[in-house]
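Breakdown of the fold
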Amino acid sequence: MIRIGWRVAAVGLLGLAACGSEGGGSGREGDETVAGGELDQPVRWRSATLGLEDEADVTVDVVADIDPPVVVAGAGSFDAWVVDGGRVARAEVADLSWQFFELGGTAYGPGPEGAVVAVGTAHPEDETSRPAALVSTDGGRWDLVTDDDLAVPGVLRDVAATADGFVAVGGRIDGTRPTPDTLVPAAWGSADGRQWELLDLGGVLGGSDDHLSGGLVAVAADGERVVVASGTGVWLSPDEGETWEAVELPEPDGVDELVGDVGGLKAAVHGTDGFLLVGVTGGDLEGSACWPGHRPTARRGCR
């Protein structure tokens, strides 16, 4: 699974596609030489503007495993585009009654007919927040998931494709806690992206409260193995969320702990060489440092 995500204040999005030397298409184009300065196989870049409905902070994901790739954006609303060479088609999206939508992540499901799932946090007119998901077969049309298991106060922050479906993570509001609106870790599983069930996080919730505040922020998967992270804690499931065990992270040189106003783990991905966790240390933006932790069981890290 290849995903490229970023958050930025924007009035529009620009898509650039690298193509072969043949083919047409609308938009601006330009050739660039390959390494070595020769034009034997020029790379032609095509650009297209992806319009946004309004000016806002926007979170963008690129789903590259599906062909053609899909650009997904969460700003005031949910938008998606299918990018086929130099041709860009805006996706059809079901009517959404939210005030705005925070995109958490996207994933392309297993198998040749896997679905594309986008998860995030919906903010209705009543200023509450709730987990939300949309699903598409090809990126060209998106339907809202209406499963009751997602209809709880809380947030959805990330999703990953597993061997048999998807795991999405975030937090739900626990009304039994002393502090109102406290988020506790929550995760949902789905075989097709349309029907979801709340997973049993007994192995996660049984840990220290220091690692549970704010819910879960990231998830990554390698087949049946699933890694989830809160701001300061990591858990591994060998069976797609059936059981969980805590992972002890090594302490990188020169880093005291993953705390601070902007501190904590932020992202988890899986690549060809294992899992990668990325976090931030420091109490303010100027004093923060990116901290990659390679493989959840490895005894190494870097600052």
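Structure: see above.
The numbers attached to residues start from 1 for each chain and follow its sequence in the written order. Local features in this predicted model are restricted to residues of pLDDT 70 or higher, and side-chain atom pairs are both shown and tallied only at a pLDDT of 80 or more, whereas totals for entire chains, interfaces and linings draw on every residue. Side-chain descriptors were evaluated using all non-hydrogen atoms of the structure, hydrogens and water having been removed beforehand.

Here the focus is a negative patch on the surface. Two distance rules govern patches: like charges are joined within 9 Å, and nonpolar side chains (Val, Leu, Ile, Met, Phe, Trp, Tyr) within 5 Å, applied only to residues with over 30% relative accessible area and no salt bridge. In these tables, accessible area is a Shrake-Rupley quantity obtained with a 1.4 Å probe, and a residue counts as shielded only by the protein chains included in the view. Note on definitions: salt bridges are taken to be side-chain nitrogens of Lys or Arg within 4 Å of carboxyl oxygens of Asp or Glu. We score Asp and Glu as negative and Lys and Arg as positive, and we do not count His or the chain ends. Charge positions are represented by NZ for Lys, CZ for Arg, CG for Asp and CD for Glu. Negative charge collects at one region of the surface, where Asp148, Asp149, Glu197, Asp200 and Glu242 lie side by side. Note on placement: Asp149 falls in the loop between strand S11 (141-144) and strand S12 (154-161). To sort residues, take the accessible area from a 1.4 Å probe on protein chains only and compare it with the maximum for the residue type: under 20% means buried, over 50% means exposed, and anything in between is partly exposed. Overall, the relative accessible area of 34% leaves Asp149 in the partly exposed class. Helix and strand labels come from DSSP, where a helix needs a run of H or I of at least four residues and a strand needs a run of E of at least two; each type is numbered from the N terminus.

Right, let's talk about the packing of aromatic side chains for a bit. Both the distance between ring centres and the angle between the ring planes are used here to describe each pair of aromatic rings. Ring pairs shown here join Phe, Tyr and Trp side chains whose ring centres sit within 6.5 Å, with only the six-membered ring taken for Trp; geometry is labelled stacked below 30 degrees between planes, edge-to-face above 60, and tilted in between. Following the criterion strictly, the structure yields 4 aromatic pairs and no others. Judged by centre distance (5.2 Å) and plane angle (65°), the rings of Phe78 and Trp142 are edge-to-face. In this pair, Phe78 is assigned in strand S5 (residues 78-84) and Trp142 in strand S11, connecting sequence segments 64 residues apart. Summarising the burial analysis for this pair, Phe78 and Trp142 share the class buried. Each ring, one from Trp98 and one from Phe101, has its centre 5.2 Å from the other, and the planes form 20°; the classification is stacked. Pair check on accessibility: Trp98 and Phe101 agree, each one buried. Chaining the aromatic ring pairs together yields one cluster made of Phe78, Trp98, Phe101 and Trp142.

For the rest of this paragraph, the subject is the sheet that holds strand S17 (residues 225-229). By this definition, two strands are paired if DSSP reports at least two bridges between them. Strand order in the open sheet made by the 4 strands is S16-S17-S18-S19, with antiparallel pairing throughout. Either end of the sheet is taken by a strand with one partner, and the two such strands are strand S16 (218-222) and strand S19 (245-247). Mean inter-strand twist for the sheet, computed between neighbouring axes without regard to direction, equals 25°. Two strands pair when backbone bridges link them, and strand S18 (residues 234-237) and S19 are joined in this way by 3 bridges, in the antiparallel orientation. Counted as the bridge partner of Val234 is Val247 from S19. To define axes, lines are fitted to C-alpha atoms, for helices over the stretch in contact only, and angles between the resulting N-to-C directions are given on a 0 to 180 degree scale.

This brings us to the sheet that holds S11. Read across the sheet, 5 strands follow the order S7-S11-S10-S9-S8 without closing on themselves; strand pairing throughout is mixed. Of all the strands in the sheet, just strand S7 (92-93) and strand S8 (100-108) have a single pairing partner and so form its edges. One ladder, built from 7 bridges, connects strand S9 (residues 116-123) with strand S10 (residues 130-136); its direction is antiparallel. Paired with Ala122 across the strands is Arg130, a residue of S10.

Summarising burial for strand S21 (residues 274-281): 6 of the 8 residues are buried, a large majority. Of the strand pairs in this sheet, strand S20 (residues 264-271) and S21 are connected by 7 bridges, and their pairing is antiparallel. Directly across from Leu265, in S21, lies its bridge partner Gly279. Between S20 and S21, which pair antiparallel one after the other, the connecting turn spans 2 residues.

As for its position among the elements, Leu216 is in the loop between helix H1 (202-205) and S16. When the C-alpha positions of Leu216 and Gly231 are compared, they lie 7.2 Å apart, and in sequence the two are 15 residues distant. Between two residues, a contact is recorded if the distance between any of their heavy atoms is within 4.5 Å. Those residues within four positions of Leu216 in sequence are excluded, and the remaining contacts are Arg157, Val169, Gly170, Pro185, Ala186, Leu201, Val228, Ala229, Ser230 and Trp235.

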